[in-house]
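Commentary on secondary and tertiary structure
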Amino acid sequence: MGFVAPVVLYAKLLIKQLWLCECDWDDIPPDHIIQQWSRFKEELPLLGKIKIPRHVGIASGDVVTVVGFADASERAYGGVVYFHVRDSQGLRKNSFSLISAKSKVSPRKVVSLARLELCAILVLSNLIANVINACNNRINIDRVFAFSDSTVALCWVHSSPHRWDTFVANRVSKIQNEFPPQTFYHIAGHENPADCLSRGLSPAQIIDHPLWFCGPQWILSDPSFWPVTDFNPSTVSQPPEVKKHRLKPFLQNKLLRVGGRLSNADIKFDSKHPLILPRKGHILNLIVDYYHKLNCHAGPELLMSILRQKYWILSARNLIRSRVHKCLPCFRLRAKPNFPEMADHRSCRVTPVAKPFVHTGTDYAGPFKVSSSRGRGIRSFKAYVCLFVCLTTRAVHIEVAGDLSTASFLGAFKRFLSRRGPVARVYSDNGTNYVGAKRTLSELHDFLVSKHFNSEFGHVLAETRIDWSLNTPAASHFGGNWETNIKSLKTHLYRVIGDQILTFEEFSTVLAQIEAVMNSRPLCRTLSNDPSEPLALTPAHFLNLTPLKYLPAREIEEDRLHLLSRHELVDKLVQSFWKRWKSDYLHTLQMRNKWNTPAKPISNGDVVIVIVDNAPPLHWPLGIVEEVFPGSNGVIRVVRVRTASGTYLRPVVRLCPLPSE
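What you see is a predicted model; the values in this text were computed from it and never measured.

**Quick look at the UniProt feature "signal peptide" (unreviewed entry) in the protein chain**
The feature "signal peptide" (unreviewed entry), as given by UniProt, occupies residues 1-23 in the numbering adopted here. From the first C-alpha to the last, residues 1-23 spans 31 Å; its make-up is 70% helix and 0% strand.

**Concerning the sheet that holds strand β1 (residues 63-72)**
In space, the five strands of this open sheet follow the order β3-β2-β1-β4-β5, with mixed pairing throughout. Each of the sheet's edge strands pairs with one partner strand only, and the pair in question is β3 (95-105) and β5 (184-186). Each strand of the sheet is rotated relative to its neighbour by a mean of 25°, with strand direction disregarded. As judged from the seven bridges shared by β1 and strand β4 (residues 141-148), these two strands associate in the parallel manner. Counted as the bridge partner of Ala70 is Ser148 from β4. The strands that helix α3 (residues 113-135) touches are β1, β2 (76-86), β3, β4 and β5; relative to β2, the one it contacts most, it runs at about 40°.

**Section: the pattern of salt bridges**
Considering all chains together, one arrives at 13 salt bridges under this definition. Between Glu399 and Arg415 there is a salt bridge, and its shortest N-O distance comes to 2.9 Å. Here Glu399, found in strand β12 (residues 396-401), pairs with Arg415, found in helix α14 (residues 406-420); they are 16 residues apart in sequence, far enough to count as distant. Glu399 gets classed as buried once you look at its relative accessible area, which sits at 7%. Of the charged contacts in the structure, one is a salt bridge between Asp613 and Arg654, with a shortest N-O distance of 2.6 Å.

**Examining the pairing of β1**
Across the 10 residues that make up β1, a large majority, 10, are buried. What you see with β1 is no split at all: Val63, Thr65, Val67, Phe69 and Asp71 on one side and Val64, Val66, Gly68, Ala70 and Ala72 on the other are buried throughout. Note: β1 against β2, 10 bridges, orientation antiparallel. Bridge assignment links Val64 to a residue of β2, and that residue is Val85. The antiparallel pairing of β1 with β2 creates a hairpin that spans three residues between the two strands.

**Notes on the pairing of strand β16 (residues 607-610)**
Alignment of β16 against strand β17 (residues 622-630), held across three bridges, turns out to be antiparallel. The partner of Val608 across the bridge, within β17, is Gly623. The pairing of β16 with strand β20 (residues 655-657) spans three bridges and is antiparallel. Looking at the pairing, Ile609 lines up with Cys656 of β20.

**Here's the deal with the environment of Phe179**
Relative to the helices and strands, Phe179 is located in the loop between α5 (166-178) and β5. A residue is classified by how much of its surface remains accessible, and Phe179, at 11% relative accessible area, is buried.

**Observations regarding the packing of helix α10 (residues 300-307) against helix α11 (residues 316-325)**
Between α10 and α11, whose axes approach to 10 Å, the crossing angle comes to 125°. It follows that α10 is oblique to α11 by the angle criterion. By crossing handedness, the relation of α10 to α11 is classed as right-handed. Residues Pro300, Glu301, Leu303, Met304 and Leu307 of α10 pack against Ala316, Arg317, Ile320, Arg321 and Val324 of α11. Partitioning the contact of α10 with α11 into residue classes produces seven nonpolar, no polar and three charged.

**What about the packing of helix α9 (residues 282-294) against α10?**
Put simply, α9 and α10 touch, their axes get as near as 10 Å, and they point 110° apart. When the axis of α9 is compared with that of α10, the two are roughly perpendicular. For the pair α9 and α10, the crossing hand works out as right-handed. Facing α9, whose interface residues are Ile287, Val288, Tyr291 and His292, α10 presents Leu303, Ile306 and Leu307. Of the residues assigned to the contact of α9 with α10, the class counts are six nonpolar, one polar and no charged.

**Comments concerning the nonpolar core**
Membership of the largest hydrophobic core comes to 42 residues, with the highest contact counts inside it found for Phe83, Leu118, Ile121, Ile128, Trp156 and Phe184. Looking at this core, the elements with two or more residues in it are β1, β2, α3, β4, α4 (151-157) and α5. Here this core takes 15 residues from α3, the largest share from any one element. The contacts of Phe83, once residues within four sequence positions are left out, are Ile58, Val64, Thr65, Val66, Ser95, Phe96, Ser97, Ile99, Val131, Cys135 and Ile139.

**Notes on α11**
Those residues of α11 that fall on the buried side of the exposure criterion are Ala316, Leu319, Ile320, Arg323 and Val324. One side of α11 carries all its buried residues, which in axial view fall inside an arc of 125°. For α11, the elements touching its buried residues are α9, α10, β9 (311-313) and α12 (328-333).

Thresholds applied
- Residues numbered from 1 in each chain as written.
- Predicted model: local features only at pLDDT ≥ 70, side-chain atom pairs only at ≥ 80, totals over all residues.
- Heavy atoms only, no water.
- UniProt positions renumbered as here; feature names shortened; annotations may be inferred.
- Helix = DSSP H or I, 4+ residues; strand = E, 2+ residues; numbered from the N terminus.
- Pairing = 2+ DSSP bridges.
- Axes fitted to C-alpha atoms, helices over the stretch in contact; angles between N-to-C directions.
- Contact = heavy atoms within 4.5 Å.
- Salt bridge = Lys/Arg side-chain N within 4 Å of Asp/Glu carboxyl O.
- Buried < 20%, exposed > 50% of the residue type's maximum accessible area, 1.4 Å probe, protein only.
- Parallel < 35°, antiparallel > 145°, perpendicular 65-115°, else oblique.
- Left-handed = near helix turned anticlockwise from the far one by under 90°.
- Nonpolar A, V, L, I, M, F, W, Y, C, P; charged D, E, K, R; others polar.
- Core = buried A, V, L, I, M, F, W, Y, C linked by side-chain atoms within 4.5 Å.
- Arc of directions from axis to C-beta.

As structure tokens, then:
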């Protein structure tokens, strides 16, 4: 509540002295600080003599006046609030009670006393507002009086904030938002109780202080008899912190023009003395838009130069940039999409599985030139690399494909399954070869579950059906896991072969070696250089775990290691890889490296520009969002958009909402 705020300030000032002396926690303070602290500690028990009444003397029908005082010194500043209670029937004497107080130590940086006085008034206004909000439902407050002994600070408060520099203008605006300027009055310094808050009092001084608990002598009388008058800011002839007008404005025919320094220039009068216009307004938007279109959609800098030949708009740069940004022809030329917050990882990336490649992502790289054999006159042909990535362990498998047909991919997919075992789900982009492979596998599954294929072998194949998940068209970032591995593969491949044309056999050999290198990459950063520490966990550790799917092992306890048989030791070794995967690798997937701030969501009916690859921006079509598909956390990342040529599914990062939306 601040009943002994001056004593608390006394202790704060001691701490500030220690800070200014740069005393460390184990240093001995200077002698004068030790003496002040010893005296303060001896006088602390005297605070027990202070009695604070629990009731402030307010009864039904009483008139309550809130009275506040603010003061500042070079050491501290603050404000104190009292209640003046008057019986409306005149049966009881008026009472004056301390309610709350707050003080702050002045900053280490030297600040003018007038600024500190203004800060004290701001503290007081916030304190009065908090007291009124706390008591407004229980008592009726008749009036508010706020006093300060600084005429300069009162001059600032009683004037418009635009007249002052930034420091003063900001605080004056906050004060005037709380209370009107007519609430603040001047008081003599020797009658100001807040003087105790700006200098501090020891426990012995606060007990018998004439002002802190009782206030000025005239405060118990009726407010109509108080020696207060409305403050006139004109009494301060030259207030500090006045904002300098560098334009030297003058009036001509009731129009405000720039005085400036170009009176001797051989240019038109409007260019010498352009009209001064405010920073906001519909007419300003029309002026800027008119000159923007008149000058072939000029950029912000050129447009500002053209406008200032006739108009001087305050804060013109922000206004011009805003209007140029909202220009639709200009926006279409440099359309930018919104990037929603990055989604959480798929469950298959953060959940251990029985073996690698249970959840697999696939993508293509190429074309690369290869030949059937070495010799003069041998023609080269195109070959492609089909990459399979385990989404859980980041292990990779590389196959060579002759073309981008569905048949070629199915061949590579069969070779992958033969070497790596069955998979449960495959993720890919919307390439035509992947779409055809998914259609073929779906038709095969329909055949396997039909009544015409009811043999035992058919049941086994039907149980191991592979689910295929296609990403949204044009959403390559949905498959970032395999896109980054494609980048790594190309980096290794180009560094090894450069521009050479290899035979098909040599090309396959190089890819097998690159596969071994990529599967030897550490999943997480090595934490220690100690050779006794275990080796870094790599995808290669998981590639021999297939027997666990067919011969699952029970959990091996740590205290039974000396009793284990040979096959149990192997099982323990295998299980330790997944424990290290959880403890060392899983937490590295926690951070969002980009797209970590929420963006304005797209909603139904928004008009957007659809980004099209291999087309100039002015040829990108306009579309209307017909349907949105929120993710599990409510963030919209995929929408259905209707254009003149049809309806498509598109990711939000490929759409540019018009600035009018």
